[in-house]
Amino acid sequence: GAVVSQHPSRVICKSGTSVKIECRSLDFQATTMFWYRQFPKQSLMLMATSNEGSKATYEQGVEKDKFLINHASLTLSTLTVTSAHPEDSSFYICSARGDPGKKGGYGYTFGSGTRLTVV
Amino acid sequence: SQQGEEDPQALSIQEGENATMNCSYKTSINNLQWYRQNSGRGLVHLILIRSNEREKHSGRLRVTLDTSKKSSSLLITASRAADTASYFCATDTGFHTGANSKLTFGKGITLSVRP
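Residues numbered from 1 in each chain as written. Chains lettered and ligands numbered in written order. Predicted model: local features only at pLDDT ≥ 70, side-chain atom pairs only at ≥ 80, totals over all residues. Heavy atoms only, no water.

Summarise the packing of aromatic side chains; cite the residues concerned and give the values.
All names here are of chain B. The final tally for this structure, using the stated rule, is 8 aromatic pairs over all chains. Aromatic side chains phenylalanine 88 and phenylalanine 105 sit 6.3 Å apart centroid to centroid with 85° between the ring planes, which places their arrangement in the edge-to-face category. Of the two residues, phenylalanine 88 is situated in strand β9 (residues 85–92) and phenylalanine 105 in strand β10 (residues 103–105); the sequence distance between them amounts to 17 residues. For phenylalanine 105, a relative accessible area of 1% gives the class buried. (Phe/Tyr/Trp six-rings, centres within 6.5 Å; stacked < 30°, edge-to-face > 60°. Helix = DSSP H or I, 4+ residues; strand = E, 2+ residues; numbered from the N terminus. Buried < 20%, exposed > 50% of the residue type's maximum accessible area, 1.4 Å probe, protein only.)

What follows is the structure, encoded as structure tokens:
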């Protein structure tokens, strides 16, 4: 089936630094990618939706300048947490969706997540 | 904002028993999906049921959908210790080929299956 690779799986960074998380669709073209945030024992909250070649659409309450999303190609989207603070520590998960009728199709395929710890 | 609300929030059963999890949602949907998440891991898609379907099976999984009540249930039969995980329902409000579709997740249910 369709595979989405997310890296890194874990990252620890110092407060004030920036961290980049990558999400790649390995065997299909992801026209749309989604970024979620999940706090311990809680649900996934959608942060933003990105379509290849266009600006991301952020959900209400998500700071665009803090969480930079780039979807430069049909197989790669990146989330950069800028000037990270301890409250940004969380589990970030990406999801990719391709074109209906093609591999990856309409379904949502999730990455394995990135555990970010800001110290 | 969250769309789905699952209940119970936590469920503990003995291996071999059936596990039933419920999900309610608020708005009209195109389809509803159930996912599984092992601790600290990504999500695994279990099953999708479209708004015009009432019941669907996949192996030991059975999902029902009642659009009049805006609710769904996931039944796992003959549970195994390996089924221990968190389970989420997610609603997709977009059209099948629409670019605006996205998943909205419920709070999740923690299932523990005792060996």
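Any details on the state of the cysteines? Residues and values, ideally.
All names here are of chain A. Under the criterion given, the structure shown has 2 disulfides over all chains. For cysteine 23, the disulfide goes to cysteine 94, at an S-S distance of 2.0 Å. Around the S-S axis, the bridge from cysteine 23 to cysteine 94 shows a dihedral of about 80° and counts as right-handed. Of this pair, cysteine 23 sits in strand β3 (residues 19–25) while cysteine 94 sits in strand β9 (residues 90–97); the two residues are 71 residues apart in sequence, bridging distant segments of the chain. (Disulfide = S-S within 2.5 Å.)

Describe unusual backbone geometry, with residues and values.
All names here are of chain A. Between histidine 7 and the following residue, proline 8, the backbone shows a cis peptide bond with an omega angle of -5°. Relative to the helices and strands, proline 8 resides in the loop between β1 (4–7) and β2 (10–13). At serine 83, a residue that is not glycine, the phi angle is positive and equals roughly 45°. Structurally, the position occupied by serine 83 is in the loop between β8 (76–81) and β9.

Requested: an account of the environment of B:His57, with residues and values cited.
Residue and element names in this part refer to chain B. Topologically, histidine 57 is positioned in strand β6 (residues 55–58). Put simply, histidine 57 and serine 68 are 11 residues apart on the chain and 21 Å apart in space, counted from C-alpha to C-alpha. Not counting the four nearest positions on each side in its chain, histidine 57 is found in contact with Ile47 and Arg62. At 2.7 Å, the side chain of histidine 57 and the side chain of glutamate 55 are in polar contact. (Contact = heavy atoms within 4.5 Å. Polar contact = N/O pair within 3.5 Å; in protein donor to acceptor, adjacent residues only side chain to side chain.)

Remember that the coordinates give geometry; whether it matters functionally is a separate question.
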